[in-house]
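# Remarks on the overall topology
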Amino acid sequence: MRRFSGKILCLLLIGVLLGAILPACTQSASNNKVEIVTTTFPAYDIARTLTKECQGVHVRLLLSPGTESHSYDPSAADMMAVHDADLFLYIGQAADAWAETLIQAAGKKVLKFALTDELELILDEHGEADPHVWTNPANVIQIVERLTPVVSTLPGVSEEDAASMEANAAAYIQALESLDNDFCTFWASVPEEDRLLVFGDRFPFMYFAKAYGVSYSAAFPGCSHESEPSANTVMALIDTVRNRGISTVFYVEFSQHRIADTIAAETGAKTALLHACHNVTKEEFDAGETYLSLMRRNLQQLQESFR
Ligand SMILES: [Zn+2]
């Protein structure tokens with residue numbers, strides 16, 4: 001159990017005060033729109049796709065582009081946003097553990113929706129659920145199916161917006177199915193013995209790997225906070241790359257990719273990014289990158305790496 005920091009205690013105190021001062025405050029302050037507050041990029045991107053062109057709905061992302069998602073330290077403004085939210089959308093499990101702090105600090109019952117709920121979770125070697133469910137497009141389909149009726153029936157959502165959401169959900173599910181099919185087709189084109197991903201980094205792609213029957217070797221499991229692998233781990237990865245004739249050592253977004261670079265330098269392999277979509281950079285955000293566009297880029301990268 002993590003100890004509460006002074007800042008979190010302070011947030012909780014603000015929450016208690018808010019609960020006392022604003023018990024009847026249910027609507028968001030932002031132009032009377034229905035306010036969906038999201039923690040990280042996967043939750044935000046699903047919500048904004050679902051509510052595209054819904055004039056009466058606003059989706060807010062708490063984690064700024066460019067910010068590391070696991071170790072984020074929420075602010076008092078974030079707590080206010082959750083307090084005022086009509087729906088609070090988060091990943092759950094270890095992906096955004098700070099979400100639970102915000103829910104507690106909001107000081108009232110917040111309507112909440114965790115992406116990881118009701119999905120079949122993969123346990124890591126410590127028996128803890130891996131939270132990166134969105135790396136399997138089929139999981140995102142299930143999330144959209146479960147989320148759509150929740151959002152379309154929020155108090156204040158107009159009939160017109162609810163109809164738009166139904167149409168958006170149908171189109172999104174179709175695009176996700178197409179993405180899933182394209183990954184299936186790609187992996188089927190790779191000989192079974194070559195279906196191995198080597199990561200000189202953390203490995204947030206367990207759901208992806210399991211969905212497509214791909215094995216993996218990584219410097220760290222899940223999204224471990226460790227940053228220095230043992231010499232044995234690095235040597236084993238170097239051996240794997242050499243023995244299996246691996247062309248590309250992967251790293252994840254927001255990584256310094258030092259370990260991937262070391263393995264590449266030793267073996268002559270290339271390095272490349274596979275984007276796990278925890279968050280995007282400011283440039284990616286401004287360029288309108290989405291979960292779909294980033295996963296399509298991953299597919300392209302895999303096609304190049306396994307040619
Ligand atoms: Zn992660």
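Residues numbered from 1 in each chain as written. Predicted model: local features only at pLDDT ≥ 70, side-chain atom pairs only at ≥ 80, totals over all residues.

### Thoughts on the environment of glutamine 104
Relative to the assigned elements, glutamine 104 resides in helix H4 (residues 98-105). Residue glutamine 104 is classed as partly exposed on the basis of its C-beta count, with 16 C-beta atoms lying within 10 Å. Put simply, glutamine 104 and valine 82 are 22 residues apart on the chain and 10.0 Å apart in space, counted from C-alpha to C-alpha. (Helix = DSSP H or I, 4+ residues; strand = E, 2+ residues; numbered from the N terminus. Buried ≥ 20, exposed ≤ 12 C-beta atoms within 10 Å, placed from the backbone.)

### Details of the sheet that holds strand S4 (residues 112-114)
Strand pairs in the sheet, formed through backbone hydrogen bonds, run parallel or antiparallel to each other. Pairing is parallel across the open sheet formed by four strands, whose spatial order is S2-S1-S3-S4. The two strands at the open ends of the sheet, each matched to only one other strand, are strand S2 (57-61) and S4. Strand-to-strand twist across the sheet, computed as the mean angle between neighbouring axes with direction ignored, equals 20°. Pairing of strand S1 (residues 34-38) with strand S3 (residues 87-90), which is carried by three bridges, proceeds in the parallel orientation. Paired with threonine 38 across the bridge in S3 is leucine 89. (Pairing = 2+ DSSP bridges. Axes fitted to C-alpha atoms, helices over the stretch in contact; angles between N-to-C directions.)

### Examining the packing of helix H6 (residues 159-189) against helix H11 (residues 291-305)
Interaxial distance between H6 and H11 falls to 11 Å at its minimum, and their mutual angle equals 10°. The pairing of H6 with H11 is recorded here as roughly parallel in orientation. Packed against H6, whose contacting residues are Ala175, Leu179, Asp182, Phe183 and Phe186, the element H11 presents Leu292, Met295, Arg296, Leu299, Leu302 and Gln303 at the interface. Classifying every residue of the contact of H6 with H11 by side-chain character gives eight nonpolar, one polar and two charged. (Parallel < 35°, antiparallel > 145°, perpendicular 65-115°, else oblique. Contact = placed C-beta atoms within 7 Å. Nonpolar A, V, L, I, M, F, W, Y, C, P; charged D, E, K, R; others polar.)

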